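Secondary and tertiary structure notes
Given next are the chains, with one letter for each unit.
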Amino acid sequence: MTIHPMQLVTIIGESLAREPILKLLREVGAHGWTFFEVSGSGRQGERTGEIPEYSNIQVEVIVPPAVAENLLNRLQHDFFPRFAMVAYLCEIRVLRAHKF
Amino acid sequence: MTIHPMQLVTIIGESLAREPILKLLREVGAHGWTFFEVSGSGRQGERTGEIPEYSNIQVEVIVPPAVAENLLNRLQHDFFPRFAMVAYLCEIRVLRAHKF
Amino acid sequence: MTIHPMQLVTIIGESLAREPILKLLREVGAHGWTFFEVSGSGRQGERTGEIPEYSNIQVEVIVPPAVAENLLNRLQHDFFPRFAMVAYLCEIRVLRAHKF
Amino acid sequence: MNHDLLQAIQANVLSPALLFFVLGLLAAVLRSDLRFPEPLYVALTIYLLVAIGLKGGVAIAEAGWARVGLPTLAALLLGTVIPLWAYPILRFLGRFSAVDAAAIAAHYGSVSAVTFGAATQYLDRLGESYEAYASAFLAVMESPAILIGVLLGKLAARGSDTIRWSSISTALREAVLGRSVFLLVGALGIGALSGRAGMDQVGPFFTAPFQGVLALFLLEMGMVAGRRLGDLRKVGGFLVGFGMVMPVLHGALGVGVGDWCGLTVGGTTLMGVLAASASYIAAPAAIRLSLPDANPTYYLTAALVITFPFNIALGVPLYYELARRLVH
Amino acid sequence: MNHDLLQAIQANVLSPALLFFVLGLLAAVLRSDLRFPEPLYVALTIYLLVAIGLKGGVAIAEAGWARVGLPTLAALLLGTVIPLWAYPILRFLGRFSAVDAAAIAAHYGSVSAVTFGAATQYLDRLGESYEAYASAFLAVMESPAILIGVLLGKLAARGSDTIRWSSISTALREAVLGRSVFLLVGALGIGALSGRAGMDQVGPFFTAPFQGVLALFLLEMGMVAGRRLGDLRKVGGFLVGFGMVMPVLHGALGVGVGDWCGLTVGGTTLMGVLAASASYIAAPAAIRLSLPDANPTYYLTAALVITFPFNIALGVPLYYELARRLVH
Amino acid sequence: MNHDLLQAIQANVLSPALLFFVLGLLAAVLRSDLRFPEPLYVALTIYLLVAIGLKGGVAIAEAGWARVGLPTLAALLLGTVIPLWAYPILRFLGRFSAVDAAAIAAHYGSVSAVTFGAATQYLDRLGESYEAYASAFLAVMESPAILIGVLLGKLAARGSDTIRWSSISTALREAVLGRSVFLLVGALGIGALSGRAGMDQVGPFFTAPFQGVLALFLLEMGMVAGRRLGDLRKVGGFLVGFGMVMPVLHGALGVGVGDWCGLTVGGTTLMGVLAASASYIAAPAAIRLSLPDANPTYYLTAALVITFPFNIALGVPLYYELARRLVH
Ligand SMILES: Nc1ncnc2c1ncn2[C@@H]1O[C@H](COP(=O)(O)O)[C@@H](O)[C@H]1O
Ligand SMILES: Nc1ncnc2c1ncn2[C@@H]1O[C@H](COP(=O)(O)O)[C@@H](O)[C@H]1O
Ligand SMILES: Nc1ncnc2c1ncn2[C@@H]1O[C@H](COP(=O)(O)O)[C@@H](O)[C@H]1O
Ligand code: NA
Ligand code: NA
Ligand code: NA
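In short, a report on the structure. A quick note: this is a predicted structure, and the numbers were derived from the prediction, not measured. (Residues numbered from 1 in each chain as written. Chains lettered and ligands numbered in written order. Predicted model: local features only at pLDDT ≥ 70, side-chain atom pairs only at ≥ 80, totals over all residues. Heavy atoms only, no water.)

**Quick word on the environment of Tyr-319 of chain D**
Residue and element names in this part refer to chain D. Heads up, the rule is: Secondary structure counts use DSSP, requiring at least four H or I residues in a row for a helix and at least two E residues in a row for a strand, with both numbered from the N terminus. When a residue's accessible area, from a 1.4 Å probe over protein chains only, is under 20% of the maximum for its type it is buried; when over 50% it is exposed; and in between it is partly exposed. Residues count as neighbours in contact if any of their non-hydrogen atoms are within 4.5 Å of one another.
Mapped onto the elements, Tyr-319 comes out in helix H15 (residues 296-327). We classify Tyr-319 as buried; its relative accessible area is 0%. Placed 65 residues apart in sequence, Tyr-319 and Gly-254 show a C-alpha to C-alpha distance of 8.8 Å. Look past the residues within four positions of Tyr-319 in its chain and what remains in contact with it is Pro-247, Val-248, Gly-251, Val-255, Thr-269, Gly-272, Val-273, Ala-276, Phe-310 and Asn-311.

Here it is as structure tokens:
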């Protein structure tokens, strides 16, 4: 069993950003992603997750480091000024590197 | 793009602990958090996530190391004896350190 | 407060795999796990999370390294060929090592 | 057991409500993948509580507070007394720790809205009328026992460093502002304020479907209880017996009180049912937060796995028979 | 205020619908743990929009497009004009930034389906009939103001690098394919195509329970608004006044237009209500995506926390009184 | 096509049920953000299955098992025979791999409860009566084909190391304890046990709203199918043809069997509809777990994107016309 290093980018933000985020993920070349419906609170107030339009999502994407950097760059430039949003990076290891 | 180290504290526990956890997060000085509705199983039995009162939540909080340590200390002292609960720490990197 | 290294294994896959995954977790000796209902997209198409039978789940298990390795081995051998699935490993730290 | 009672039980056993509960038990035991998502569970409880509350509120508006006052006060008293006598039984006969005894006692003094709903369905099926304002008894019986239980638990733990008045206030909050009490009391108030005229519009949604929704809800409760059947082995024989004997005693007490208040056979039955029923939603939530040292396996298993099925299968017809004899 | 109006308001205040809204406010203010899960919220909106749409569609099929055409066009015009005059008021009297003024104006030109539903309930309760095809006014008034608002916001920002036609097309998409417009227009079309005969079957589900479902929904809206009460302090006195004065002006304008189109008292009232109501679902979603620099606290607080409660409590009876005087 | 059939199809096309399905397709194709949350989907299926089951169960109680036995047995046989003949067609004409052929065959032998519901709605609209116990045919036809399909798939894979009886038992579990079969059979049993009297109470909730709920559900199915329209290009022309020709053949076969059993025109139509329909919930779940090597794109696209819409738009009126000619 060979385990390969990979990066996990997590994006948390208002659910209206769903479509723009999806578009971005495709553009930077991610091959998969996972969405969570969440509620939360941050600098831009509380999102109680009661009304879809006022709610929050979390996206997790496993990508190689180069894609992660590109993704974070794009988020910082195009998304952070427009949406309530937080993003972070975490080092992980996966089994089948070719999947990502 | 500068990326700053930060810590992610994850708390999983019975959903009745929601309000006390929120109170704790405010007390230790977290500036944001994200809630998930989850189901699970642990030392204190199964929580199938069917009835809100018998269900489970997960909270994720991004905080600087000092806050993380304080938070974990408080959890161990005040929460672990009272609630079915698990907590862990993970090293992450974020873009805008001042947010957390 | 002593903090112990531990490993977090995350499995994302089609929700029909729920029972087989549960069986596997018990077999490798995990003492707890947490389930998320998610939607997502990957090499095997989109799972929009609208119909339980076509939907996605995520499982997170905190385990000692030996169990993690065994778990990943079993996933690779028995699950990856059968189910739409992704799994990864992350280093974490917990407070009470004996729980896991 | 006498003939009438046997017949009453038989009729009950083939009612859709009970059969749905049994189907739910089966689903859990056979590990079917049938599952009610949490939002559906929440939606059903909101519907049932609002429907019960509105109906009762309108009845209060029509009967006047004067007629409702006495039996409602009596119900409140029942809810206060039951935990006080259940506690020593659990503590000294059952040998439970003080905090566990207090916790279980709180559950039996409080009430189950679904058991109440099932009982009204039973009466409707028999064509037996009842005071529709009985929902008010339900509303006032939910909280007092919880507060008594928490007080008992805290007093017993005196000396330890866990006595904090904050936990009493937590219990009070939960007991009064908790989802179920809040909705029930709120809907009762709305019904009372807007009266029959107000109900003309919203009424259809909350009356005709009620029985069917209750049946679906019992399917879900069957699954929830069924998944905890295994806990029966953990709680010991005493608690199993307690979960079936106490309802009968409380049911008889409730029937006596109802009769003394001058209620009809139907209303008297409902008072008995409320006294006999044990809370498995509001009480566990409040107790978990206020008496965290109490073991949930005890109180949940007793209220949900033993007493709830006992009441909807055998208890309700039994208390009805008692009421019939006493009131007539 | 005159006697009739006072009575009309009083009758409204004790209606279950309004009482449920108040109960929701209370739940939020007292921090009860009552909460509607998001799927339940979505289910209720789907039900309400489809019910409103179907009813209107059948009415269109029966009345014929000829009779529906003029008032529908008038409604569409109302929706276009309102943001155009609200914008300078907000910009120059209220001293809001261009983008905030445009965003708020869009919300007041657009409409609230729940306010519309509450108004039909009010009319039903009084036994006042109305053109059932008024749902068509609702349908055509939802989007135009959003587009106007986005255009105003973009024109004002001219010169900055944020002008992108893509954001206009995003607004157009959201305004036309957004959940609520899509469902409402779709159900309207289905009602119109299948007509009364088609409704015989699906009708029962969408008529009798409507009022009760609306009441539950108002409970939820009370909680949603209640959780944002704190934002009232953030928006300043001008916006609070704006949120109550503008509905009255728009309501009067709508009543005038309705009367001019030859609608009945009921239909005229509904035209007034639509003009007076502000969108808090479709508009915020579209504006958030198309004018991300606008501050949501302003437009959400105004539409949801001020104007919505104002309309369902006082506005509806007021516009009805106006309509009665004008039309008679 | 003859005149009657054309008219029958036309009437069907403007029915709300079909129009809602088309609206759902549109929502998916135009990428509207309309979405049914999963819990709402689950709630609707629970409601529909219980309603269908209860109605059938009561009908069985009234008709007696004797009259129900023969056609039910015939239905069971239909469900067993269809995959046996569909398999070689798929394998040798369609050149599918053994496991794909077996998987697809299983879906066409099994049934779709929603298609059945839409067919009863169609008959109701025409005022054509039918044996209400036909739900029993639905219940017995769901599982057998799945088991046959899994057996075929496993036999074909003999020699490889993937033959494990455990997968047959998995299929059996899924086929019998899966959500939909379990609920349908359970509700059927409850209806049969408690009979018409028992239904008096829970009935209203499960009858009047049924058609409207079904319409909403078809809206959702339209979206689900619409999102998979793109897969049509992946499955090849043969499967597209298969998905429309086989239903007609199976429909004719079912009509023949229904007539032979002495059913009315309505009941015969329903037997045809069941034979013609393909499962897209129970079968995919069981097959995915038991024949993991089969490609879901094939069986899901065929059953959900081709056959389901074909049946509710054209198939149902067609089988009805066939039944009318044969039975009269
Ligand atoms: N420190 C944090 N830890 C975890 N989640 C956060 C944190 N800050 C913000 N979030 C999440 O990100 C969303 C948007 O954050 P913000 O833009 O700060 O309002 C919030 O609603 C939370 O769900
Ligand atoms: N080893 C584990 N891995 C992941 N989640 C866990 C683990 N142990 C417990 N949990 C989660 O934490 C909750 C409370 O745990 P416990 O107090 O052990 O019952 C469980 O219901 C699970 O959701
Ligand atoms: N690169 C990725 N990042 C995050 N989640 C993924 C990724 N790839 C796949 N997934 C998740 O894993 C599920 C199954 O993946 P797959 O087998 O590739 O279709 C998907 O539906 C996603 O929810
Ligand atoms: Na009691
Ligand atoms: Na308006
Ligand atoms: Na079939």
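Next comes the rest of the write-up.
**Here we look at the relation of the copies chain F and chain D**
The two chain copies are related to each other by a rotation about an axis together with a translation along it. Note the cut-off: Least-squares superposition of the copies uses the C-alpha atoms of those residues scoring a pLDDT of at least 70 in each of them.
Between chain F and chain D, which share one sequence, the superposing operator has a rotation angle of 120 degrees and an axial displacement of 0.0 Å; the RMSD is 0.0 Å. Taken together, the rotation angle and the small translation identify this as a three-fold axis. Among all C-alpha atoms of chain F, that of Pro-39 of chain F lies closest to the rotation axis, at 3.7 Å.

**Remarks on the coordination of the sodium ion (ligand 5)**
All names here are of chain E. Condition: For Na, K and Ca the donor cut-off is 3.2 Å, while for other metals it is 2.8 Å, and in both cases only N, O and S atoms qualify; water is not among them, so sites may look incomplete.
Note on the sodium ion (ligand 5): its protein donors are Tyr-108 (O), Ser-110 (O), Leu-274 (O), Ala-275 (O) and Ser-277 (O). The metal-donor distances range over 2.3 to 2.8 Å. Every donor residue of the sodium ion (ligand 5) comes from the same chain, spaced as Y-x1-S-x163-L-A-x1-S. Here Ser-110 is found in the loop between helix H5 (98-109) and helix H6 (113-126), whereas its partner Ala-275 is found in helix H13 (residues 265-276), with 165 residues between them in sequence. Among the residues examined, Ser-110 registers a relative accessible area of 0% and is labelled buried.

**What to know about the interface of chain D and chain E**
To be explicit about the condition: Whenever a carboxyl oxygen of Asp or Glu lies within 4 Å of a side-chain nitrogen of Lys or Arg, that contact is scored as a salt bridge.
Each side of the interface is counted separately: chain D has 25 residues, and chain E has 28 residues. At the surface where chain D touches chain E, the tally comes to zero salt bridges. No other element matches helix H10 (residues 179-207) of chain D, which puts 15 residues into the side of chain D that touches chain E.

**A closer look at the packing of aromatic side chains**
What counts is decided by this rule: Stacked, tilted and edge-to-face pairs are distinguished by plane angle, under 30 degrees for stacked and over 60 for edge-to-face with tilted covering the rest, among Phe, Tyr and Trp rings (Trp via its six-membered ring) whose centres lie within 6.5 Å.
Tallied over the full model, the rule gives 42 aromatic pairs over all chains. Plain terms: the ring middles of Phe-36 of chain A and Phe-36 of chain C are 5.7 Å apart, the flat faces sit at 90 degrees to each other, and that makes the pair edge-to-face. Here Phe-36 of chain C lies in strand E2 (residues 33-42) and Phe-36 of chain A lies in strand E2 (residues 33-42), a pairing that spans two chains. A relative accessible area of 2% places Phe-36 of chain C in the buried class.

**Examining the site of ligand 2**
Quick note on the threshold: Summary of the distance rule: residues count as near a molecule or strand when at least one heavy atom falls within 4 Å of that molecule or strand. Any pair of nitrogen or oxygen atoms within 3.5 Å is treated as a polar contact; in protein, a donor-acceptor pairing is required on top of that, and neighbouring residues in sequence qualify only through side-chain atoms on both sides. Here the Shrake-Rupley method, with its probe set to 1.4 Å, supplies the accessible areas, and only the displayed protein chains count as covering residues.
The immediate surroundings of ligand 2 are formed by 19 residues, with Arg-43, Gln-44 and Asn-56 of chain B together with Thr-34 and Lys-99 of chain C found nearest. Nearby residues place ligand 2 at the junction of chains B and C. In this structure, Gln-44 of chain B approaches ligand 2 through a main-chain N or O atom, which is 2.8 Å from an oxygen atom. Taking Trp-33 of chain C, its main chain carries an N or O atom lying 3.4 Å from an oxygen atom of ligand 2. Bound to the protein, ligand 2 loses 99% of the 480 Å² it would expose on its own. The set of elements that each furnish at least two residues to the shell around ligand 2 consists of strand E2 (33-42) and strand E5 (85-94) of chain B together with E2 and strand E4 (56-63) of chain C.

**Let's talk about helix H8 (residues 144-156) of chain E**
The cut-off we apply is this: The span you would expect from a helix comes to 1.5 Å times its residue count less one.
Helix length check: H8 of chain E (13 residues) gives 18 Å between terminal C-alpha atoms against 18 Å at 1.5 Å per residue, within 8%. Among the residues making up H8 of chain E, those that are buried are Pro-144, Ala-145, Ile-146, Ile-148, Gly-149, Val-150, Leu-152, Gly-153 and Lys-154 of chain E.

**A word on the packing of H10 of chain D against helix H2 (residues 16-29) of chain E**
The cut-off we apply is this: With axes taken as lines fitted to C-alpha atoms, and helix axes fitted only over the stretch in contact, angles between N-to-C directions fall between 0 and 180 degrees. Orientation labels follow simple angle bins: below 35 degrees gives roughly parallel, above 145 gives roughly antiparallel, 65 to 115 gives roughly perpendicular, and whatever is left gives oblique. Note on convention: the crossing is left-handed when the near helix lies turned anticlockwise from the far helix by less than a right angle, right-handed when the turn is clockwise. Under the grouping applied here, Gly and all other residues not named as nonpolar or charged are polar, the nonpolar ones being Ala, Val, Leu, Ile, Met, Phe, Trp, Tyr, Cys and Pro and the charged ones Asp, Glu, Lys and Arg.
It is at 9 Å that the axes of H10 of chain D and H2 of chain E come closest, and there the two elements cross at 165 degrees. As the angle between them shows, H10 of chain D and H2 of chain E are arranged roughly antiparallel. Here H10 of chain D runs over H2 of chain E; the crossing is right-handed. For the pair H10 of chain D and H2 of chain E, contact is made by Phe-182, Gly-186, Ala-187, Ile-190, Leu-193, Ser-194, Gly-198, Met-199 and Val-202 of chain D and by Pro-16, Leu-19, Phe-20, Leu-23, Leu-26 and Ala-27 of chain E, respectively. Per-class residue counts for the contact of H10 of chain D with H2 of chain E are 12 nonpolar, three polar and no charged.

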